[in-house]
Amino acid sequence: MSEASAGWRLPALPPGAVRDVVRAPGRVLAEPGTDVDPADPEVVQLAADLLATQAVSPGCVGLAAQQVGVAWRVFSVDVSGHPKTRTCHGAFVLCNAVVLEGSRWERGREGCLSVPDLTGDVKRARRLVVRGLLPVTGEVVTVTTDAFEAVALQHEIDHTDGALFLDRVAGAHALHPRQNYR
Amino acid sequence: MSLLAVTVLGHDRPGIVADTTAALAELGGNLEDSTMTLLRGHFAMLLLVRTGAGAPAVRDALAGLSADGRLTVDVRDVPDLELHAARAAGRPYVLSVHGADRPGIVGALTGVVAGARGNVTDLTTRLSGDLYVLVAEVTLPADVDVELVQSALRSTADELGVDVSLRPLETDEL
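Residues numbered from 1 in each chain as written. Chains lettered and ligands numbered in written order. Predicted model: local features only at pLDDT ≥ 70, side-chain atom pairs only at ≥ 80, totals over all residues. Heavy atoms only, no water.

S.K.: Sorry if this is basic, but what is going on with the interface of chain B and chain A here?
M.R.: Many structure descriptions define interface size as the accessible area lost when the parts assemble. Each partner contributes to the interface: chain B provides 24 residues, whereas chain A provides 20 residues. Across the interface of chain B and chain A, roughly 1800 Å² is buried in total on both sides, 54% from carbon and sulfur atoms. On the chain B side of the interface with chain A, the three residues burying the most area are His98(B), Arg126(B) and Leu131(B), jointly 26% of the side's total. The interface formed by chain B and chain A holds three salt bridges in total. In this structure, Asp172(B) and Lys123(A) form a salt bridge, with 2.6 Å as the shortest nitrogen-oxygen distance. (Contact = heavy atoms within 4.5 Å. Buried area = accessible area lost by both parts, 1.4 Å probe. Salt bridge = Lys/Arg side-chain N within 4 Å of Asp/Glu carboxyl O.)

Put into C-alpha cells, the structure is as follows:
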C-alpha cells in the first residue's frame, strides 16, 4: 500500500458525531443528492459526522450522505489498512464528486452498510480519476487512484446519485446472501 | 440416449448432490446442465441428464434419496425440441428491482417484461429484513423499443414504491 502524494490535505474538521445509518429500503437511499456549498457549516459538520460514523462502523470504508439520511452529494472514504488497497489517500471527504475517467474494469463482490445481509458481483473500474471539492475550503481536487480505493469511490459516488450496488449487479446469479462467520 | 429432467427438492443435508450424481453416474448418465441453490435450508436442484437407462430406471436409482420423506425427486423425459424452443432470440438485459417488501412486486414487473414479449431466463429474489430485491436476466425481442419498456417498468415500480433498472447484460469477450 502506498500513501499517495496528492498535493492536497483534508482541511481540519470540527468534532464529528456518530449518526444512525439508514438501511435499504429507506427511500433516501434512492434520492439523487443535490450539489452542496462545501463551506456551508452544515456541510462541514456532515463531513465530520460521516468520518466519525464510518470510523465506528466495522469494515466500513466509505459512507455517503444518503446513508445518514441526507440527500446531498457528499461522501467520506478511508481505505487505509485494507488488504486490497494499493494507492491510498487516507481518510477524506469529497463534495459534488464526479468520475472523470475509469479504466481496467473488473468484477468484484461488494457489500454495503445499508444492505447488510446481501452482497453482489459488480463491475468497477480499477483505475479511476475523480474530481470533487474539499469541505471547508472548497478546493477543487482531482483524485487519481486504483484498486480498492477506486472501487470505494465509485460505490460512494453511486450513493450520492441515489443508486445502490443492487442497481449494478452483473446478473441473476450475482446476488448473494452475506456469509457471516461468527 | 434420452434426455431426462431430474428435480430434487426438500430439506437440506450434506451429501444430496453427491448421492444424486453418484446414482446417475452408476447408470452411465451424463449431466448436461444443472443448477442448484439453497434457500433458507430448502434445497433445490434441477439436472438435465442424458442416459440410455430411461426414466423408470433413473427413478428407481434415486428412490433412496426420498426414502425418509424429507426430499422429493421427480424424473421426466425432456424432448430435445423443447431445449431449442427455449433458447430465446433477442437481446439480453439485467433487471434490478429493490424496495420495501410487499406482495406483487415480481408479478407486476415480470408482467411488464412479458407485455413486451420479453422472456425471463434467470431470476433471483431475496428478502432481507424489509428489503426485497429482485435481479432477473431477461431477453427482449430485437425489435422492441427498450426505452418504452424502461419507462413502463419505471411507472409500475413507482406504483409499487420500489426502484427499478433495466440495462444491457454485459458480456466480456476475452
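S.K.: Which parts of the structure should I look at to understand the pairing of strand 3 (residues 74–77) of chain A?
M.R.: Taken residue by residue, a regular strand's side chains alternate between the two faces of the sheet. Residues and elements named next belong to chain A. Judged by which residues are buried, strand 3 turns out to be covered on both faces: Val74 and Ser76 on one side and Phe75 and Val77 on the other are all buried. Sheet analysis places strand 3 next to strand 5 (residues 92–112), joined by four bridges and oriented antiparallel. When the bridges of strand 5 are listed, Val74 appears paired with Cys95. (Buried < 20%, exposed > 50% of the residue type's maximum accessible area, 1.4 Å probe, protein only. Helix = DSSP H or I, 4+ residues; strand = E, 2+ residues; numbered from the N terminus. Pairing = 2+ DSSP bridges.)

S.K.: What is the right way to read the pairing of strand 6 (residues 119–128) of chain B from this model?
M.R.: Summarising the sheet, strand 6 of chain B and strand 7 (residues 131–140) of chain B pair through nine bridges and their orientation is antiparallel. Note on strand 7 of chain B: the bridge partner recorded for Val120(B) is Val138(B).

S.K.: Can you walk me through the environment of Cys112(A) in this structure?
M.R.: Considering the arrangement of structural elements, one finds Cys112(A) in strand 5. Expressed as a C-alpha distance, the spacing of Cys112(A) and Val61(A), which sit 51 residues apart in the sequence, is 9.6 Å.

S.K.: Please explain the UniProt feature "active site" (unreviewed entry) in chain A as it appears in this structure.
M.R.: Residues and elements named next belong to chain A. As recorded in UniProt, the sites labelled "active site" (unreviewed entry) are Glu156. Along the chain, Glu156 turns up in helix 2 (residues 147–160). Not counting residues within four places of it along the chain, the set of residues in contact with Glu156 comprises Gly62, Leu63, Ala64, Gln67, Phe75, Ser76 and Val77. (UniProt positions renumbered as here; feature names shortened; annotations may be inferred.)

S.K.: So what exactly am I meant to see when it comes to the nonpolar core here?
M.R.: In globular proteins that are soluble, nonpolar side chains generally tend to be buried together. Membership of the largest hydrophobic core comes to 22 residues, with the highest contact counts inside it found for Leu95(B), Val97(B), Leu109(B), Leu153(B) and Leu166(B). Secondary-structure elements contributing two or more residues to this core are strand 5 (91–100), helix 4 (105–115), strand 7, helix 5 (146–160) and strand 8 (162–168) of chain B. The residues touching Leu153(B), leaving out its near neighbours within four places in the chain, are Leu95(B), Leu109(B), Val112(B), Val113(B), Val164(B) and Leu166(B). Formed by 21 residues, the second largest nonpolar core is a distinct cluster that contains Trp8(A), Ala64(A), Val79(A) and Ala125(A). (Core = buried A, V, L, I, M, F, W, Y, C linked by side-chain atoms within 4.5 Å.)

S.K.: What should I look at first to understand the UniProt feature "domain: ACT" (unreviewed entry) in chain B in this one?
M.R.: Residues and elements named next belong to chain B. Look at the UniProt record and you will see "domain: ACT" (unreviewed entry) annotated at residues 5–80 and 94–167. The span residues 5–80 carries 25% helix and 45% strand; its end-to-end C-alpha distance comes to 11 Å. Along residues 94–167 the backbone is 35% helical and 45% strand, and the end-to-end C-alpha distance reaches 5 Å.

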